[in-house]
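Below are the chains, spelled out letter by letter.
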Amino acid sequence: MNLIEVTGGRPLQGEIRVQGAKNSVLPILAATILSGGVCEIQRCPRLSDVDSAIRILRYLGCDVHWEAETLVVDTTVLQRCDIPDAMMREMRSSVIFLGAILARIGQVDMSYPGGCELGPRPIDFHLSALRSLGADITENAGVLHCDTTGLQGTEIVLSLPSVGATENVILAACGAEGTTVLHNAAREPEIADLQKFLCLCGAEVRGAGSSTVVIEGKRPLHGCRHQVIADRIAAATYLAAGAAAGGEICLQGVDYRHLSTVTTALSEAGCRIRSDNHVITLYSDGHLRAISPIRTSPYPGFPTDAQAVLMAALLKSTGTTVFVENIFENRYRHVAELTRMGADIRIEGRVAVVCGVEKLRGTSVQATDLRGGAALVVAGLQAEGVTQVGNIHHIERGYNDFVENLTHLGAEIRRTDT
Ligand code: UD1
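Everything quoted here is computed from the prediction, not taken from an experiment.

Novice: I would appreciate a short explanation of the pairing of strand E8 (residues 143-147) in the present structure.
Specialist: Looking along a regular strand, one sees the side chains alternate between the two faces of the sheet. Of the two faces of E8, only the one carrying Leu144 and Cys146 is buried; Val143, His145 and Asp147 on the other face are not. Where strand E6 (residues 107-111) and E8 come together, 5 bridges link them in antiparallel fashion. Residue Ser111 lies in a different strand from E8, and its bridge partner there is Val143. In this structure, strand E7 (residues 136-140) lies alongside E8, joined through 5 bridges in antiparallel fashion. Across the sheet, Thr138 pairs through a bridge with His145, a residue of E8. Counting the residues in the hairpin turn of E7 and E8 gives 2 residues, including Ala141, whose phi is positive at 50°.

The following block contains the structure:
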């Protein structure tokens, strides 16, 4: 069994470059299918979710290889239009292949996607939006069969600004005749990155980053070279680690505008944060204060993906902080593990109340999901003794060189393979 072992009590010091964004690169890898050419994806993070996307691309007949940090994907040939159930279950983002394959060949067979267990994660918005573009979708024993005689641009209104549904619509609409206008689109920076990639391939997409995205379909597409944006959630995780452990850390290659809700919260907790262009520096004396309630919401609100790591940073703060999780119903699974370490957290429905404690103690805990797993490491950095985190495959889904980066910053941490 693989574990991450952290010995708490060491301040962090130094500089790291933040990885490319998982939530950008996964839809972009699906989007390479539309290009029908060779795409060079620079700053591609090495993650198990990226490996899952590569397996899907290769299964479909594409040629994929690494050149250092660049992933080269050749989608000139697409031999299949189905994705096996085992591949679909590996990650949530596999669902974005639906829009991409539909746009390219007009037929897809796939099952429901997997991913972190954060409560129900339906895909009804995806399916109804694709239907209004002209996809005929039937479901049989968990398998979706989608085909179309031709997608047609239309107006679509999402009932919630779902990230995945926005991405699926944009991709499918690139293969539709005429104009698609998507209202109440998700505004996450990763959507704007997807638009940038598609435009480099020759697509005509505008408005990503705002609530209305307009796609002119059926443009002739080709391969391109694109650099993925920085992972704001990985950055938030390192900031939370620095805040909790104390010390001074510098993150290179980030866009501070994407992190403003997180840096505002950490500043309120007592950290000193400087940011300019592509660098964020955080100084913490390791003694944090409780902060005003944190309510997760779609971008530009506080990201649900940063909730667990911020909570972990505040476990020893003076006072009480309230968290309200508005995106996913079951996103407090890390709390039971944090409690084993001595944290004082009460949950009622979507609300978690964190009362700062004087000390945390290292013990054996299990990662329950990707961000919850990272939160256990953040807690371990400020705990007495050794924290052993199990089930680290969850963490490896989304963090590139997590242990190496924290070691570089001075943490006493190692990965053990037993
Ligand atoms: C994406 C991110 C994930 C992040 C989440 C919210 C990726 C790979 N994942 O996930 O890291 O936590 O955004 O920022 O980019 N919903 C429905 N029906 C649907 C789709 C969504 O009811 O068809 C609901 C969900 O249950 C959830 C909310 O809408 O309550 C937001 O989900 P969504 O934005 O779609 O999240 P994901 O795209 O799955």
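What follows continues from the structure just given.
Novice: What is the right way to look at the site of the ligand in this model?
Specialist: As a structural note, the neighbourhood of the ligand is formed by 20 residues, with Asp124, Ser162, Val163, Asp305 and Ile327 the closest of them. The contact in question runs from an oxygen atom of the ligand to an N or O atom on the side chain of Arg92, over 3.0 Å. Separating an oxygen atom of the ligand from a backbone N or O atom of Ile327 is a distance of 2.5 Å. With the chains in place, 87% of the 740 Å² that the ligand exposes on its own is no longer accessible. Those elements that place two or more of their residues in the shell around the ligand are helix H5 (124-132) and helix H6 (163-174). Top contributing element to the shell around the ligand by residue count: H5, with 3 residues. Within the shell around the ligand, the residues separate by chemical class into 8 nonpolar, 6 polar and 6 charged. Two domains each provide a minimum of three residues to the shell around the ligand, namely domain 1 (2-19 + 230-417) and domain 2 (22-227).

Thresholds, definitions, all that
- Residues numbered from 1 in each chain as written.
- Predicted model: local features only at pLDDT ≥ 70, side-chain atom pairs only at ≥ 80, totals over all residues.
- Heavy atoms only, no water.
- Buried < 20%, exposed > 50% of the residue type's maximum accessible area, 1.4 Å probe, protein only.
- Helix = DSSP H or I, 4+ residues; strand = E, 2+ residues; numbered from the N terminus.
- Pairing = 2+ DSSP bridges.
- Near = heavy atom within 4 Å.
- Polar contact = N/O pair within 3.5 Å; in protein donor to acceptor, adjacent residues only side chain to side chain.
- Areas by Shrake-Rupley, 256 points an atom, 1.4 Å probe, with all protein chains shown as cover.
- Nonpolar A, V, L, I, M, F, W, Y, C, P; charged D, E, K, R; others polar.
- Domains from an automatic or database assignment.

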